Amino acid sequence: QKEVEQDPGPLSVPEGAIVSLNCTYSNSAFQYFMWYRQYSRKGPELLMYTYSSGNKEDGRFTAQVDKSSKYISLFIRDSQPSDSATYLCAMSSIGGGSYIPTFGRGTSLIVHP
Amino acid sequence: EPEVTQTPSHQVTQMGQEVILRCVPISNHLYFYWYRQILGQKVEFLVSFYNNEISEKSEIFDDQFSVERPDGSNFTLKIRSTKLEDSAMYFCASSDTSANTEAFFGQGTRLTVV
């Protein structure tokens with residue numbers, strides 16, 4: 001089983017829809033959970049990160065972590081065409097002082113007007 | 001807004017040649033990273049660097065790779081003898097914490113080995 005699984009999509013939604021992006025993981029040592037947005041031919045841009053379980057909200061974005069299910073989500077409310085990008089989840093543990101992140105493959109999101 | 005800058009944006013090199021990829025991290029950041037992304041695949045961690053030495057490196061970062069901070073602003077990745085499979089996007093990132101949770105990425109250098 002791969003450490004971090006993420007459906008590559010593409011996920012196509014109409015403008016204004018609520019988008020749900022998800023990742024599952026197998027390593028129970030992961031404690032930091034990050035979401036990045038990557039536009040075509042650009043570097044990843046950090047959107048949010050959470051530590052351990054729970055929710056975190058920032059504007060139209062909400063990140064959720066369910067460690068018992070090893071499942072994380074990113075919700076985008078009132079999606080806009082400018083949200084069209086690839087969304088990468090990443091996670092890391094702090095075992096032995098290591099913070100090496102493991103990335104998912106990314107989900108391609110298309111928001112059409 | 002401060003940003004990580006990388007040069008060149010695209011580098012084409014012949015197999016066996018040495019390449020140096022350059023990065024200027026955000027000025028007050030102390031932790032520096034290199035990642036790579038082979039076309040269509042995951043972003044992969046290569047190496048982290050702090051206080052003028054490597055903090056961590058992945059299995060990918062073998063003896064063909066080296067990093068250096070030659071002055072107060074630049075951070076470089078050298079590939080000594082490039083192979084076809086080194087073709088990828090290489091991203092530099094920097095952060096002001098060791099947890100790597102708020103790393104800012106550059107735009108990347110596309111390396112093509114022919």
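K.L.:
Report on the overall build of chain A, specifying residues and quantitative values.
P.N.:
Per the secondary structure count, chain A includes zero helices and eleven strands. Secondary structure elements of chain A occur, N-terminal to C-terminal, as β-β-β-β-β-β-β-β-β-β-β. Judged by the C-alpha coordinates and their principal axes, chain A covers about 45 × 30 × 25 Å. The buried share of chain A, taken over its 113 residues, is 43%. Relative to all contacts within chain A whose residues are 6 or more apart in sequence, the contacts with residues 24 or more apart total 55%. As displayed, chain A offers around 5,300 Å² of accessible surface, 48% of which is attributable to carbon and sulfur atoms.

K.L.:
Could you give an account of the overall build of chain B, with specific residues and numbers?
P.N.:
Of regular secondary structure, chain B possesses zero helices and eleven strands. Moving toward the C terminus, one meets the helices and strands of chain B in the order β-β-β-β-β-β-β-β-β-β-β. For 114 residues, the compact-globule estimate of 2.2 N^0.38 gives 13 Å, and the C-alpha radius of gyration of chain B, at 13 Å, lies within 12% of that figure. Dimensions of chain B, computed from C-alpha atoms along their principal axes, come out at roughly 35 × 30 × 30 Å. Across the 114 residues that make up chain B, the buried fraction comes to 46%. Of all intrachain contacts in chain B linking residues separated by at least 6 positions in sequence, the fraction that spans at least 24 positions is 55%. When the accessible surface of chain B is totalled, it reaches about 5,700 Å², and 46% of it is carbon and sulfur. The positive charge centre, built from 9 side chains, and the negative charge centre, built from 15, are 6 Å apart in chain B.

K.L.:
Describe the interface of chain B and chain A, and please don't skip the residues or the numbers.
P.N.:
Taken residue by residue, the interface counts 19 residues in chain B and 20 residues in chain A. Taken together, both faces of the contact between chain B and chain A bury some 1,800 Å²; the carbon and sulfur share is 56%. Joining chain B to chain A, the criterion identifies zero salt bridges. Remark: the boundary between chain B and chain A carries three residue pairs in polar contact (both at pLDDT 80 or more). Split into classes, the residues belonging to the side of chain B that touches chain A amount to seven nonpolar, seven polar and five charged.

K.L.:
Please set out the packing of aromatic side chains residue by residue, giving values where relevant.
P.N.:
Counted according to the given criterion, the structure contains 15 aromatic pairs over all chains. Relative to Phe75 of chain B, the ring of Phe49 of chain B has its centre 5.2 Å away and its plane inclined at 40°; by these criteria the two rings are tilted. Taken together, the residues span a long stretch of sequence, with Phe49 of chain B in strand 5 (residues 43-50) and Phe75 of chain B in strand 8 (residues 75-79) at a distance of 26 residues. On the basis of relative accessibility, which here comes to 5%, the residue Phe49 of chain B falls in the buried class. A connected cluster of aromatic rings, assembled from ring pairs, spans Tyr36 and Phe103 of chain A together with Tyr33, Tyr35, Phe45, Phe91 and Phe105 of chain B. Sitting over the ring of Tyr49 of chain A, Lys56 of chain A keeps its end group 4.5 Å from the ring centre.

K.L.:
Explain the state of the cysteines residue by residue, including any values.
P.N.:
Taken as a whole, this structure holds two disulfides over all chains when the rule is applied. Disulfide pairing is shown between Cys23 of chain A and Cys89 of chain A; the S-S distance is 2.0 Å. Looking down the S-S bond of the Cys23 of chain A and Cys89 of chain A bridge, the torsion is -105°, so its handedness is left-handed. Remark: Cys89 of chain A occurs in strand 9 (residues 85-92) and Cys23 of chain A occurs in strand 3 (residues 19-25); sequence separation between them is 66 residues. The class for Cys89 of chain A is buried, based on a relative accessible area of 0%. Cys23 of chain B shares a disulfide with Cys92 of chain B; S-S distance 1.9 Å. Across the S-S bond linking Cys23 of chain B and Cys92 of chain B, the dihedral sits near -65°, which makes this disulfide left-handed. Residue Cys23 of chain B is found in strand 3 (residues 19-24), and its partner Cys92 of chain B is found in strand 9 (residues 88-95); the two are separated by 69 residues along the sequence. Classification of Cys23 of chain B as buried rests on a relative accessible area of 1%.

K.L.:
Let's hear about the sheet that holds strand 8 of chain B: which residues, and what values?
P.N.:
Residue and element names in this part refer to chain B. In spatial order, the strands read 1-3-8-7; together these four strands make up an open sheet with antiparallel pairing. Two strands bound the open sheet, and with one partner strand each, they are strand 1 (5-7) and strand 7 (65-68). Taken over all neighbouring pairs, the strand axes of this sheet differ in orientation by 20° on average, direction set aside.

K.L.:
Tell me about the environment of Met89 of chain B, residues and numbers included.
P.N.:
All names here are of chain B. With respect to the helices, strands and loops of the structure, Met89 is situated in strand 9. Taking the C-alpha atoms as reference points, Met89 and Ser9, separated by 80 residues in sequence, lie 9.4 Å from one another. In this structure, Met89 is in contact with Tyr35, Arg36, Gln37, Gln107, Gly108, Thr109 and Arg110, ignoring residues within four places of it in sequence.

Reading the values: the criteria
- Residues numbered from 1 in each chain as written.
- Chains lettered and ligands numbered in written order.
- Predicted model: local features only at pLDDT ≥ 70, side-chain atom pairs only at ≥ 80, totals over all residues.
- Heavy atoms only, no water.
- Helix = DSSP H or I, 4+ residues; strand = E, 2+ residues; numbered from the N terminus.
- Buried < 20%, exposed > 50% of the residue type's maximum accessible area, 1.4 Å probe, protein only.
- Contact = heavy atoms within 4.5 Å.
- Areas by Shrake-Rupley, 256 points an atom, 1.4 Å probe, with all protein chains shown as cover.
- Rg over C-alpha atoms; globule rule 2.2 N^0.38 Å.
- Lys, Arg positive; Asp, Glu negative; His and termini not counted.
- Charge placed at Lys NZ, Arg CZ, Asp CG, Glu CD.
- Buried area = accessible area lost by both parts, 1.4 Å probe.
- Salt bridge = Lys/Arg side-chain N within 4 Å of Asp/Glu carboxyl O.
- Polar contact = N/O pair within 3.5 Å; in protein donor to acceptor, adjacent residues only side chain to side chain.
- Nonpolar A, V, L, I, M, F, W, Y, C, P; charged D, E, K, R; others polar.
- Phe/Tyr/Trp six-rings, centres within 6.5 Å; stacked < 30°, edge-to-face > 60°.
- Lys NZ or Arg CZ within 6 Å of the ring centre and 35° of its normal.
- Disulfide = S-S within 2.5 Å.
- Pairing = 2+ DSSP bridges.
- Axes fitted to C-alpha atoms, helices over the stretch in contact; angles between N-to-C directions.

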